[in-house]
Amino acid sequence: GGKAWGINRMRALGLSVPPAIAITTQACREYHSSGGAMSEILWAQIVQHMQLLEQETSRRFGGPQRPLLVAVRSGAAHSMPGMMDTVLNLGINTETQGSLAAETGDAAYAAETYRHFAQQYRKVVLSARADTIPTDPWAQLRAAVLAVFESWHSPRAQIYRRNRNLADDDCTVVTIQAMVFGNLDDRSGTGVLFSRNPITGDAPAWGEWLCRSQGEEVVSGRRTPEPLRALRDSMPAVHATLMQGTAHLENDARDIQDIEFTVESGHLWFLQTRAAKRSPQAALHAAVAFANEGLISREEAVRRIKLEQIQQLPALQL
């Protein structure tokens, strides 16, 4: 899956990335071939591998003290509409909310974290049904994994694959990643950036940042994000580390990167990286720039520009 591959790549490059485990596409195929039943062998493997996240974070999933919360994401080889949206803060309940409040001394933060989870879980996993959200973290996790598997056959996803001649049996990965909290305090937040402007293809990196926020809040429209220079002005060391990591990822991939990140109490965490979608103009300019910088050959630069992209460029640029 794209998300899991990106996480593994960033960790291999030595960037600061929350630990994660991935449930493979083979498990998803077996789920659908069995008529929609998760095998107890698979569930036992998930429970066993969650210990890796507990060991690296020194937290415990479902534990009353220092609880581990996770994000659950879908991630097929090709990004497509109709797949399940990410659920954040999974594993929280009234007991763990109290533990978070006691640990941080901030009851409002703990309550907001629970509220964010409940809102997302009801919308994404329960599909806005009136069902009760499980209080058992393991029941929450199992239902979220099944919801990712089921989203592979959502009408939107099926139509997208059919229109683009994508295989219907490729299936999706489920990524379970330890949470970091951009809503923790005034030195926390979340952001998205492109290693080059996706409209023009020009450097430097371009993106947005939102203090005291989680996940999709930076792009939801409910709050107005700030440009990356706001992060540079408030936390220059974090911004410098972000730019260094962004350059590292772009050089490694030899392509424009679309990156998601979170800052938790002044510590930068990279969450996701992937090849960025870009305008025809950006595709042309970036290919030329990468060739001039020696990252790709001129032949590779020519191969990267598709005929339909050239046809969309203004005549002046041709």
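Refer to the structure above for everything that follows.
Residues numbered from 1 in each chain as written. Predicted model: local features only at pLDDT ≥ 70, side-chain atom pairs only at ≥ 80, totals over all residues. Heavy atoms only, no water.

Hey, could you run me through the overall build of the chain in this one?
A count of helices and strands for the chain gives 13 helices and eleven strands. Over its C-alpha atoms the chain spans a radius of gyration of 21 Å, differing by no more than 12% from the 20 Å that the globule rule assigns to 318 residues. If you take every contact in the chain between residues at least 6 apart in sequence, the share linking residues at least 24 apart comes to 63%. Only carbon and sulfur atoms are counted for the fraction: they give 52% of the accessible area of the chain, which is about 15,400 Å². Taking the average location of the 32 positive side-chain charges in the chain and that of its 33 negative ones, the two points are 3 Å from each other. (Helix = DSSP H or I, 4+ residues; strand = E, 2+ residues; numbered from the N terminus. Rg over C-alpha atoms; globule rule 2.2 N^0.38 Å. Contact = heavy atoms within 4.5 Å. Areas by Shrake-Rupley, 256 points an atom, 1.4 Å probe, with all protein chains shown as cover. Lys, Arg positive; Asp, Glu negative; His and termini not counted. Charge placed at Lys NZ, Arg CZ, Asp CG, Glu CD.)

Would you explain the pairing of strand β11 (residues 267–275) in this entry?
A regular strand places its side chains so that they alternate between the two faces of the sheet. Relative to β11, strand β10 (residues 257–264) runs antiparallel, the two being bridged by eight bridges. Bridge pairing links Asp-258 to Arg-274 in β11. The hairpin formed by β10 and β11 contains two residues between the paired strands, and Ser-265 there has a positive phi angle of roughly 50°. (Pairing = 2+ DSSP bridges.)

It is not clear to me how the environment of Arg-298 should be interpreted in this structure. Could you clarify?
Here Arg-298 lies in helix α12 (residues 298–304). Separated by ten residues in the primary sequence, Arg-298 and Val-288 have C-alpha atoms spaced 7.8 Å apart.

In this structure, what is going on with the pairing of strand β1 (residues 20–23)? I would like to understand it.
Residues Ile-21 and Ile-23 of β1 are buried on one face, while the alternating residues Ala-20 and Ala-22, pointing to the opposite face, are not. Judged from the four bridges that link them, β1 and strand β6 (residues 172–178) form a sheet pairing that is antiparallel. Residue pairing for β6: Ala-20 is matched across the bridge by Gln-177. (Buried < 20%, exposed > 50% of the residue type's maximum accessible area, 1.4 Å probe, protein only.)

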